[in-house]
Amino acid sequence: MTGQHGKFVWYELMTTDTKAAQTFYENVVGWSGSDAGMPGMDYTLFSVGDRHVAGLMTMPEGALEMKIPPAWLGYVAVDDVDAAAAKLAADGGNVHRAPDDIPGVGRFAIVTDPHGAVFALFKGTSEEPPALEQMAAGNVGWHELMAGDLDTAFPFYSNLFGWTKDQAMDMGDMGTYQIFAWNGTPIGGMMTKPKDVPAPYWLYYFNVEALDAAIERAKSGGAKIVLEPMEVPGGSWIVQCIDPQGALFALVAPKR
């Protein structure tokens, strides 16, 4: 993982019905799903061609009782998981699952930022294959944080991952949308969440070739549209949805 520190490298859906979710995302995003073959664990890998992009697993025991809904989780590469987890905690974040090993895969920790947005720290045990182009169909093209407070969230992530400020957009009454970059490449944006949003969260935008067709596939598969299609600066089109099991996700395409 040399030189990967601060890069999103994996995405994982924890849900209540993995078979239904696999069928849904294969159809909507165009992934192919296969069993990971992990001993004692039911884990599905989503792929684009021969490149693994994301994973799928059943929600942990007790999550629903704690009112934790199905959700996508992003993994950010770090040079040292234990050191990054300690730094995060010292800077006001919380470590919810202490650093642990996945045999043959890597070391990880499940954490939250100081306002409660969940993500994971990760360091792989082997060299990663070359990544897909950021905007390649089926890849994750954008990472968005609805932050508890942008003015303190950005310094927290910048300090942890080395992210830098890119363009800042004035969203009027909604405040500033701050694009952030990894190694000089814009990879996402963050803004203070609207007051009616109960908790901060990370949202992941899956690349599709054309938005309207993907929306129809999503709706016919049981998804709900929560943010209607809109054009964003640069000319891409986005939509935000909730999948049939209740997980929030987004789609981005170069055209309608």
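Provided above is the structure to which this section pertains.
Computed from a prediction, not measured in an experiment: that's the story for all the values here.

Chemist: Got a minute to help me understand the pattern of salt bridges in this structure?
Modeler: A side chain of one charge can pair with a side chain of the opposite charge if their charged atoms are brought near each other. Here the structure, examined in full by the defined rule, presents six salt bridges. Among the salt bridges present, the one from Asp50 reaches Arg51, with a minimum N-O distance of 3.8 Å. Taking relative accessible area as the criterion, Arg51 reaches 26% and is therefore assigned partly exposed. We note a salt bridge from Arg107 to Asp101, for which the minimum N-O separation is 3.0 Å. The class of Asp101 is partly exposed, set by a relative accessible area of 47%.

Chemist: Explain the sheet that holds strand 2 (residues 32–35) to me, please; I cannot follow it from the model alone.
Modeler: Hydrogen bonds along the backbone pair up the strands of a sheet, which may run parallel or antiparallel. In spatial order, the strands read 2-3-4-1-5-8-7-6; together these eight strands make up an open sheet with mixed pairing. The sheet terminates laterally at strand 2 and strand 6 (94–102), the two strands that pair on one side only. Along the sheet, successive strands turn relative to each other by an average axial angle of 25°, direction set aside. Pairing of strand 1 (residues 8–15) with strand 5 (residues 71–77), which is carried by six bridges, proceeds in the antiparallel orientation.

Chemist: Could you clarify how one ought to interpret the side chain of Gln240 in this entry?
Modeler: By the element assignment, Gln240 lies in strand 15 (residues 237–242). By relative accessible area, which is 11% here, Gln240 ends up buried. Excluding residues within four positions of it along the chain, Gln240 makes contact with Glu144, Leu203, Tyr205, Lys224, Ile225, Val226, Leu227, Phe249 and Ala250.

Chemist: I'm lost on the nonpolar core in this one. Help?
Modeler: Nonpolar side chains in soluble globular proteins generally cluster together in the buried interior. Trp72 and Phe119 are the most contacted members of the largest nonpolar core, which has 56 residues in total. Residues Met14, Met59, Ala63 and Phe122 belong to the second largest nonpolar core, which totals 14 residues.

Chemist: What exactly am I supposed to notice about the packing of helix 2 (residues 81–90) against helix 3 (residues 150–161) here?
Modeler: Angle between the axes and distance between the axes: these two values describe a pair of packed helices. Helix 3 packs onto helix 2 with a crossing angle of 155° between their chain directions and a minimal axis gap of 10 Å. In terms of orientation, helix 2 and helix 3 fall into the roughly antiparallel class. Considering the relative orientation of helix 2 and helix 3, their crossing is right-handed. Here Ala84, Lys87 and Leu88 of helix 2 come into contact with helix 3, specifically with Phe156, Asn159 and Leu160. Residue composition of the contact of helix 2 with helix 3, grouped by class: four nonpolar, one polar and one charged.

Chemist: Explain the sheet that holds strand 9 (residues 140–147) to me, please; I cannot follow it from the model alone.
Modeler: In space, the eight strands of this open sheet follow the order 10-11-12-9-13-16-15-14, with mixed pairing throughout. Both outer strands of the open sheet, strand 10 (164–170) and strand 14 (224–231), are each paired with one neighbouring strand and no more. On average, each strand axis in the sheet is inclined to that of its neighbour by 25°, with strand direction left out of account. Pairing geometry for strand 15 and strand 16 (residues 248–253), over six bridges, is antiparallel. Bridged to Trp237 within strand 16 is Ala253. Here helix 3 sits on the sheet and contacts strand 9, strand 10, strand 11 (176–182), strand 12 (185–192) and strand 13 (201–207); the angle it forms with strand 12, its principal contact strand, is near 145°.

Chemist: Can you walk me through the pairing of strand 14 in this structure?
Modeler: When a strand is regular, its side chains alternate between the sheet's two faces. Bridge count for strand 14 against strand 15 is five bridges, and the pairing is antiparallel. When the sheet's bridge partners are listed, Glu231 is paired in strand 15 with Trp237. In textbook terms, the turn of a hairpin is the stretch between consecutive antiparallel strands, and for strand 14 and strand 15 this stretch comprises five residues, one of which, Gly234, has a positive phi near 105°.

Each value, and the rule that gives it
- Every chain's residues receive numbers from 1 upward, in the order its sequence appears when written.
- Predicted model: local features are reported for residues with pLDDT of at least 70 only, side-chain atom pairs are reported and counted for 80 or more only, and whole-chain, interface and lining totals are derived from all residues.
- To obtain the side-chain values, all non-hydrogen atoms of the structure were included, while hydrogens and water were left out.
- The salt bridge definition used is simple: a Lys or Arg side-chain nitrogen within 4 Å of an Asp or Glu carboxyl oxygen.
- Between buried and exposed lies partly exposed: a residue is buried under 20% and exposed over 50% of the maximum accessible area for its type, with that area taken using a 1.4 Å probe on protein chains only.
- For two strands to be treated as a pair, DSSP must find at least two bridges joining them.
- For the purposes of this entry, the term helix denotes a DSSP run of H or I that reaches at least four residues, the term strand denotes a run of E that reaches at least two, and both are numbered from the N terminus.
- To define axes, lines are fitted to C-alpha atoms, for helices over the stretch in contact only, and angles between the resulting N-to-C directions are given on a 0 to 180 degree scale.
- What makes two residues a contact is simply this: any of their non-hydrogen atoms within 4.5 Å.
- Take the buried residues of types Ala, Val, Leu, Ile, Met, Phe, Trp, Tyr and Cys, join any two whose side-chain atoms come within 4.5 Å, and each joined set is a nonpolar core.
- Our angle categories are set so that under 35 degrees counts as roughly parallel, over 145 as roughly antiparallel, 65 to 115 as roughly perpendicular, and the remainder as oblique.
- Take the far helix as the reference: if the near one is turned anticlockwise from it by less than a right angle, the crossing is left-handed, and if turned clockwise, right-handed.
- Only Asp, Glu, Lys and Arg are considered charged, only Ala, Val, Leu, Ile, Met, Phe, Trp, Tyr, Cys and Pro nonpolar, and every remaining residue, Gly among them, polar.

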